[in-house]
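Spelled out from the first residue to the last, the chains are:
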Amino acid sequence: MRFLKLPRSLRQFSTHVLAIALGVLLTVSTLQVLPSQAEPAPPLTVDTSQLIAQRQSPATGAIGSSSFVTAAVNRVGSAVVRIDTERTITRRVDPFMEDPFFRRFFGDGFSQQVPSEQLRGLGSGFIIDKSGLVMTNAHVVDKADKVTVRLKDGRTFEGKVQGIDEVTDLAVVKINAGSDLPVAPLGSSSNVQVGDWAIAVGNPLGFDNTVTLGIVSTLKRSSAQVGISDKRLDFIQTDAAINPGNSGGPLLNGQGEVIGINTAIRPDAMGIGFAIPIDKAKAIAGQLQRDGKVAHPYLGVQMLTLTPDLAKQNNTDPNSPIQIPEINGVFVMRVVPNSPAASAGIRRGDVILQVDGKAITSAEQLQNFVEDTRLGQVLQVKVQRGNQTQQLSIRTAELQNAS
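K.L.:
Help me understand helix 10 (residues 278-291), please; the structure alone is not making it clear to me.
P.N.:
Helical periodicity: at 3.6 residues per turn, an α-helix aligns residues three or four positions apart in one direction. Helix length check: helix 10, at 14 residues, gives a terminal C-alpha distance of 20 Å against a target of 20 Å (1.5 Å per residue), a fit within 8%. Roughly 25° is the biggest bend found in helix 10, and it falls at I284. Buried within helix 10 we find I278, A281, I284, A285 and L288. The inward-facing, buried residues of helix 10 contact strand 2 (116-129), strand 3 (133-137), strand 5 (156-165), strand 6 (170-174), strand 11 (258-263) and strand 12 (273-277). Taken from the residues just after helix 10, G292 is the one with a positive phi, measuring 80°.

K.L.:
Before we go on, may I ask you to explain the pattern of salt bridges in this structure?
P.N.:
Any two side chains of opposite charge can pair, given that their charged atoms come close. Summed over all chains, the structure comprises 10 salt bridges. With a shortest N-O distance of 3.8 Å, R155 and D180 are connected by a salt bridge. With R155 in the loop between strand 4 (146-150) and strand 5 and D180 in the loop between strand 6 and strand 7 (197-202), the pair connects residues that are 25 residues apart, well separated along the chain. With relative accessibility at 28%, the residue R155 sits in the partly exposed group. Residues E371 and R232 are paired through a salt bridge, measuring 2.6 Å at the closest nitrogen-oxygen approach.

K.L.:
So what exactly am I meant to see when it comes to the nonpolar core here?
P.N.:
Side chains of nonpolar character tend, in soluble globular proteins, to be buried together. Within the largest apolar cluster, 43 residues are counted, with the highest numbers of intra-cluster contacts made by I83, M135, V149, L170, I175 and I261. Grouped together as the second largest cluster of nonpolar side chains are 18 residues, V332, A344, I346 and V381 included.

K.L.:
Looking at this structure, how should I read a nonpolar patch on the surface?
P.N.:
Among the surface-exposed residues, L304, L310 and M333 lie close enough to one another that they form a single nonpolar patch of about 240 Å² accessible area. Within the secondary structure layout, M333 lies in strand 15 (residues 329-335). On the accessibility criterion, M333 (41% relative accessible area) is partly exposed.

Criteria and cut-off values
Residues numbered from 1 in each chain as written. Predicted model: local features only at pLDDT ≥ 70, side-chain atom pairs only at ≥ 80, totals over all residues. Heavy atoms only, no water. Helix = DSSP H or I, 4+ residues; strand = E, 2+ residues; numbered from the N terminus. Expected span 1.5 Å × (residues − 1). Bend = angle between axes of the 7 residues up to and from the residue. Buried < 20%, exposed > 50% of the residue type's maximum accessible area, 1.4 Å probe, protein only. Contact = heavy atoms within 4.5 Å. Salt bridge = Lys/Arg side-chain N within 4 Å of Asp/Glu carboxyl O. Core = buried A, V, L, I, M, F, W, Y, C linked by side-chain atoms within 4.5 Å. Patch = residues over 30% accessible without salt bridge, like charges linked within 9 Å, V, L, I, M, F, W, Y side chains within 5 Å. Areas by Shrake-Rupley, 256 points an atom, 1.4 Å probe, with all protein chains shown as cover.

Shape is all these values report; function is a separate question.
Below is the structure:
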């Protein structure tokens, strides 16, 4: 009742104060009743392994594995060698020096001073047998007066060339280093597929024990396509960096097995290298060690793959000296004198259609067919000459010079 007797303005002020006090009391009690709502939210859990798997490509995963390239190189690295060569060449004497008047004027001793030059070469190789057999390229050691083989551990040995085959660009060198030599594990090039890993090991540009990584770009790249017409090879092509000095070194697969021998470096190539398949090298190595050379059968023709379109282009040219049958086969551009083909009657302008009943559609196919025959084997060759076909018998002979 006393509250009602207070002045009106005072009663209003008291009412406002009471409302504020009740609001504060309700807020505090609410916070005390619901404490869980004031706690921080629990952390968000994410399966990071799944995110990494989604972001990481197979190639990235392979490269990221330290055991991939490292293990492969460690398996073969100590068997890779450096090959240094020396060769002395004598320059041609000017015929003017051989003139009798010149010799009388300057003396006989002056004309006998023949200038010479010392050439040094560098390549790579790898040990294929504990007895000290080293495989390399023929062009690395060909015509060398001195061959020095240096192992990865620093030991050096004088190398003796056991055999050279220019046609396949392969050579075998022997060193006498006891029986504790590391040996490179040889794989099989027949199992290689496009896209497989390719690891090149060697001494490019004199930088010893260099490793480069790439993939197998393509298989069975013929020597004719590479631009080496005097070879009989189907190369493994790779984008692994191969530079001068890599020649003769191994090309490895992801397991550290040798699948090829690095070679055939084109000066105009960018990111392209070539290797001799190891299966071919294994077949040649034994013959080189035993006989010092390899006998290659040949026919004696320079040839070109012929297609109907190519023949039509020639025939529509008013300046063409010859009309060519518009068919598939091998066109004979030239016949080597005194060769098996010349003796059998093969002529320039003939088109080879079949050998021993098998259709021949490319120059590479014919070359491989002849390479797989025996020396002295008689081949039945069907040719088209003009509008007529003829059957000729050609006896293969040994190719004496790669060029």
